[in-house]
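What the coordinates show
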Amino acid sequence: MRIVRTLSHSADFEQREKEKARIDKAYKQSDKKLGELVTAHYEDLTKVTQDFSRMSKCINDSRERITKIREDLSSCKTLLHCKRDELRRLWIEGVEHKAMVALLDQVELIKEVPVKLDNFIISKHYLHATDLLVNAVAKLEKPLAGIDALRDLKAELIARNEQLHETLIEELNKQIYAAVPDQSVSLKRSSSYRRGSNLTKQLSDPECKQTKPTELLKPPEMMDLNKEIKEDLNGNPEENPAHFIAVLVEALFVLRKIPDSAERNKKMKDPLGIKSKIEPELSAIVARTSQQVVDSYAQQGESLSSQNQPRFLLELLENVFHQFRNVARMHKIVLRNLQRIIPTPEETVDEVSGVPVRNELLYDMNDVWSKIQAVLELVLREYLDVQTSSRQRAPTSFDEPSTDINSYFSKKKPTKSKKISLFRFDASIHAMSTNSYVDDNMTFDTGNLFHVNLLSEVGLGKHQMVCKPSVNNITAIFMPLEAFIKEVEDAVACQDGTSSLQSFVTEFIQNIFLGQVHATVSSSIAAATKGLQIIISGFDALRHVVDHKTQKDLGVTRPLLTSTVTVDRNIRKLQELMQSLPTYGDQFLNMICNILKEYRDTCNSAYRGIVQIESDEKRVISATWAKDEDISRFLRSLPSWRSLQMSERQDLSKKLCSEEEIRTLNSKEALILISNLSSEAIIPQQEIITDVTQMRTIANVHESLEWFAGRLRQFCELLSARSPNSMNSIELSTREYPPVSDKSLESLKMLVKDFQDLAEICLLLLHLEVRVHCFYFLLPVAKQSNYAGPIDDLDPDSNVLKLNKDLSAMEEMLVQSLQPQKFKYIFESLGFLVSSILMSSIQYLKKINENGIKKMCRNLFAIQQNLTNITMARETDLDHARQYYELLYMNPDDVLSLIVEKGPDYSYTEYVSLFQLYQKSHPHIKPANLDTLLHKLEEVMNKTQNGSST
């Protein structure tokens, strides 16, 4: 039409011709394409045409048949209208016969109910069994109530109703308790044969066999309360424990027995319901698990109850915790199903009486966790030996670091504790039934911990102890116990925020365990430092060192004091307790600080007893100097001390100073000592330590306290890394220390510094004491001996021999007590000091001859030999002193010529002392000549020094 309109309205002939041509061309293309399609789909087109023809024929035939049926129905209606009354009579008779047949079918089905019921119960399809039984009883009470032949069957089914009720309750309790999965906890054995036989026996026990995998247990909170409970007759009903429990609860609900199943039903043979069975069933789990641990670990003929093996208790509790968690989980599943059935807290109307009834769950999870805590508390009371150890009471001020440790160690009057029997096996079932109401509303009685009836069910005659009861068992079980308590507190809303089990554990640790720890530590340290109150006995106690085996175990090369090692072991025990009981880390750290303060005071008292002169406040010279801040600071600045500190840190790559600088600093040390001691006439004997064994004691104190301070310093570093204010991220061991208060940590660091300071003072004391001994023996060499004697007096001076003997004795004592680098520090540069003492003592010689020079050289040679044997290095400084005295063989002019030729080897003062002694030994030299010589000496020295400077 569009084309027609276009052609009719167009006035231009050419446009109409173009449109016509375009239309012809499109027509030809369409005709060509249609021909191609027909050719390509000829077979399909043919088939469609034939099918259409066939379908059209069928439709026409159907229309003819329908027309015929309509005519037949019309004629049939006319015929039936003629016999209406007869047909009505026949219909009524058919209905009556049908009703009778249905009634007979119901009777036949009711007769088959007992057999089907037995089959359902055997296969544990309890929901089908319950529906079958309830429906059968309902039919017997209403539709079939008038059939006398079914009266006996009705009585039987009513009895079976009660039996099914008991079976359901028994199966529900079995699902909650007896079938708790316990294969996840390993009971390891050294004997594989014994282990295999025991575990095979345990797993073959129907009450111990695992029948429900934990992976099928979904969280009870995720259960759909609106989901219909169905039972699959083709599957194993126990494969899914949560669904099986839901089936059991649904079956009890169908039986209308829910209230009776959760509380005691006195019509039942077994007077225990779900709530009242919690307590004895948990006790049975503990008894059964204890027996499994004993069977898995005890050798034939031995008893675990006499062995101090808390790891068995830990394994028992881990097993029990695992099973108690599953028990709580099962109870939660039961309660969720009860919530599904009983819509709390709305009121419903009783169908029989019409009275409004408030629907409430018959128990809750608080009841379950309360019973679990009660059972665990009694188990802990037994294994922690609470009754025996309750006499020990802990101090009340653990958080005060400054408290005197003696107040903790003082003997306390034991308090009488009421004796409570942990087990009572004479309790009968009748007695338990009579007192059941009291049992549910009072604290869990210890007499019911392991009930005789329950024990007989698991094949045990009495409760098996897995280890020896001891207060110290808490250290092995505290962490998993606290974790379990945290689970309980998260699950139960406690009134004061603390569960009853947590209260018991806290009270036990604070009132019993901490006191027991203090008593043990006190007796151990008291035995190690016994007698230190008296100074002289304190020496004996300090000289007591550990044996070689202990040294090897500790990884040390020098003897340590027994008292120090004992204190360290007790500190280590307290450190382990900090890790085992991290909640009480501050209390244990305060114990450590108080013990360290007491031992620090003990060491200081013993040190004062060694260095103090009798009862006077005055100390030996070396101790006075070691305490002097200026001298101590100077000695600590010397290269020998700094190299010693670097060697302790194993930093030996850096050289502190050159040989010339070391010689200059040694000279400064010698000058300080000479200026303080040489002016005195003679050093009194009481101002030095004459007993070399006391020096060995001081060396032992140094090594012990330095080792002790090092271990304490490592402890401080670990605690600092765990401090709440610390920004350090030190990688710690698996068992970390708990965070502690900054106050306690600072107190510990100060104590470590005190021990380190005392150790360093002891080392400085030894360093100075050896040098004071040199002054003590060498000052009389020049002041009291004669060096102008006859020719036969050429032996070394007696004081020199005494010095050598004294040095050898000290070397023998100290080489065994000090490490090599410290021993070197004691005797290092001693030759320089000896040469300086003897060279400076030349001013005290009145005169000297050649024999005296030889004698002095022999003195130097004897000391040199001895020091070489001690230090294993030639003391060249003594050669320098010997050459100094050999200058006396020459006259002053020759000495001056030697100085001009080779330069000065000694100081101007030393040359002056040499010329003065030469003048006193040769009276022919007048004092005026001496002044001339000294004037020449000054000129030569100045000239030499100026020449060397240019």
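Because the structure is a prediction, the values reported are computed rather than measured.

Conventions adopted
Residues numbered from 1 in each chain as written. Predicted model: local features only at pLDDT ≥ 70, side-chain atom pairs only at ≥ 80, totals over all residues. Heavy atoms only, no water. Helix = DSSP H or I, 4+ residues; strand = E, 2+ residues; numbered from the N terminus. Buried < 20%, exposed > 50% of the residue type's maximum accessible area, 1.4 Å probe, protein only. Areas by Shrake-Rupley, 256 points an atom, 1.4 Å probe, with all protein chains shown as cover. Phe/Tyr/Trp six-rings, centres within 6.5 Å; stacked < 30°, edge-to-face > 60°. Lys NZ or Arg CZ within 6 Å of the ring centre and 35° of its normal. Axes fitted to C-alpha atoms, helices over the stretch in contact; angles between N-to-C directions. Parallel < 35°, antiparallel > 145°, perpendicular 65-115°, else oblique. Left-handed = near helix turned anticlockwise from the far one by under 90°. Contact = heavy atoms within 4.5 Å. Nonpolar A, V, L, I, M, F, W, Y, C, P; charged D, E, K, R; others polar. Salt bridge = Lys/Arg side-chain N within 4 Å of Asp/Glu carboxyl O. Core = buried A, V, L, I, M, F, W, Y, C linked by side-chain atoms within 4.5 Å. Expected span 1.5 Å × (residues − 1). Bend = angle between axes of the 7 residues up to and from the residue. pLDDT = per-residue confidence, 0-100. Patch = residues over 30% accessible without salt bridge, like charges linked within 9 Å, V, L, I, M, F, W, Y side chains within 5 Å.

1. Points about the overall build of the chain
In terms of regular secondary structure, the chain is built from 37 helices and two strands. Evaluated residue by residue, the chain yields a buried proportion of 44% over its 950 residues. Entry remark: accessible area of the chain is about 52400 Å², with carbon and sulfur atoms responsible for 52%.

2. Here we look at the packing of aromatic side chains
Enumeration over the complete set of coordinates arrives at 16 aromatic pairs. Positioned over the ring face of Tyr844 is Lys783, at 4.5 Å from the centre of the ring. Here the guanidinium or amino end of Lys855 rests over the ring plane of Tyr787, the centre of that ring lying 5.3 Å away.

3. A closer look at the packing of helix H29 (residues 742-783) against helix H32 (residues 830-840)
In the contact formed by H29 and H32, the axes pass within 10 Å of each other and the chain directions differ by 30°. Relative to H32, the element H29 is oriented roughly parallel. Taken as a pair, H29 and H32 cross one another with a handedness that is right-handed. Residue-level inspection shows Val770, Arg771, Cys774, Phe775, Leu778 and Val781 of H29 in contact with H32, the latter providing Leu830, Leu833, Val834, Ile837 and Leu838. When its residues are assigned to classes, the contact of H29 with H32 shows ten nonpolar, no polar and one charged.

4. Structural notes on the pattern of salt bridges
Side chains that differ in sign of charge can pair as their charged atoms come close. Applying the stated rule across the entire model yields 28 salt bridges. Between Lys486 and Asp490 there is a salt bridge, and its shortest N-O distance comes to 3.0 Å. In this pair, Lys486 and Asp490 are both assigned in helix H18 (residues 474-491), four residues apart and thus about one turn of the helix distant. Classification of Lys486 by relative accessible area gives partly exposed; the value is 46%.

5. As for the environment of Ala145
Counting through the fold element by element, Ala145 comes out in the loop between helix H5 (126-141) and helix H6 (151-178). Those residues in contact with Ala145 that lie beyond four places of it in its chain are Lys139 and Leu140.

6. With respect to the nonpolar core
Phe324, Ile509, Phe513, Phe588, Leu778 and Phe827 are the most contacted members of the largest nonpolar core, which totals 226 residues. Tallying contributions element by element places H29 first for this core, with 24 residues. Among residues more than four places away in sequence, those in contact with Leu778 are Val800, Leu803, Val834, Ile837, Leu838 and Ile863.

7. What to know about H18
For H18, spanning 18 residues, the distance from its first C-alpha to its last is 24 Å, which sits close to the expected 26 Å at 1.5 Å a residue. Approximately 30° is the largest bend angle found in H18, and it occurs at Pro480.

8. Focus: the side chain of Asn799
Residue placement: Asn799 occurs in helix H30 (residues 798-817). Contacts of Asn799, omitting those with residues within four sequence positions, involve Phe777, Pro780 and Val781.

9. Structural notes on the environment of Lys749
Summarising the element assignment, Lys749 is placed in helix H29. Among the residues examined, Lys749 registers a relative accessible area of 33% and is labelled partly exposed. Considered as a pair, Lys749 and Glu717 are 32 residues apart in the sequence and their alpha carbons are 9.6 Å apart. For Lys749, the contacting residues outside a window of four places in its chain are Cys716 and Ser720.

10. Some remarks on the confidence of the model for the chain
Interpretation of the predicted coordinates at a detailed level should be avoided for regions scoring low in pLDDT. Mean pLDDT over the chain: 78, with 77% of residues reaching 70 or higher. Counted against residues more than four places away or in other chains, residues 182-217, with its pLDDT under 50, gives 73 contacts.

11. Remarks on the environment of Thr557
Tracing the backbone through its elements, the reader meets Thr557 in the loop between helix H21 (548-554) and helix H22 (562-580). Taking relative accessible area as the criterion, Thr557 reaches 57% and is therefore assigned exposed. Separated by 262 residues in the primary sequence, Thr557 and Gln819 have C-alpha atoms spaced 7.4 Å apart. Not counting the four nearest positions on each side in its chain, Thr557 is found in contact with Gln551 and Gln819.

12. Overview of the packing of H5 against helix H8 (residues 241-254)
One way to put it is that H5 packs onto H8 with a least axis distance of 8 Å and a crossing angle of 10°. Considering the angle they form, H5 stands roughly parallel to H8. Every residue of H8 that contacts H5 at Tyr126, Leu127, Thr130, Asp131 and Val134 is listed here: Phe244, Val247, Leu248, Glu250, Ala251 and Val254.

13. Describing the side chain of His702
Within the element layout of this structure, His702 appears in helix H28 (residues 692-721). Leaving out residues up to four positions away in the same chain, His702 has contacts with Ala759, Glu760, Cys762, Leu763, Leu818 and Lys822.

14. Re a nonpolar patch on the surface
Together, Leu34, Val38, Tyr42 and Leu45 give the surface a local cluster of nonpolar side chains, amounting to about 400 Å² of exposed area. Among the elements of the structure, helix H2 (13-40) and helix H3 (42-80) are those that each provide at least two residues to the nonpolar patch. Structurally, Leu34 can be placed in helix H2.

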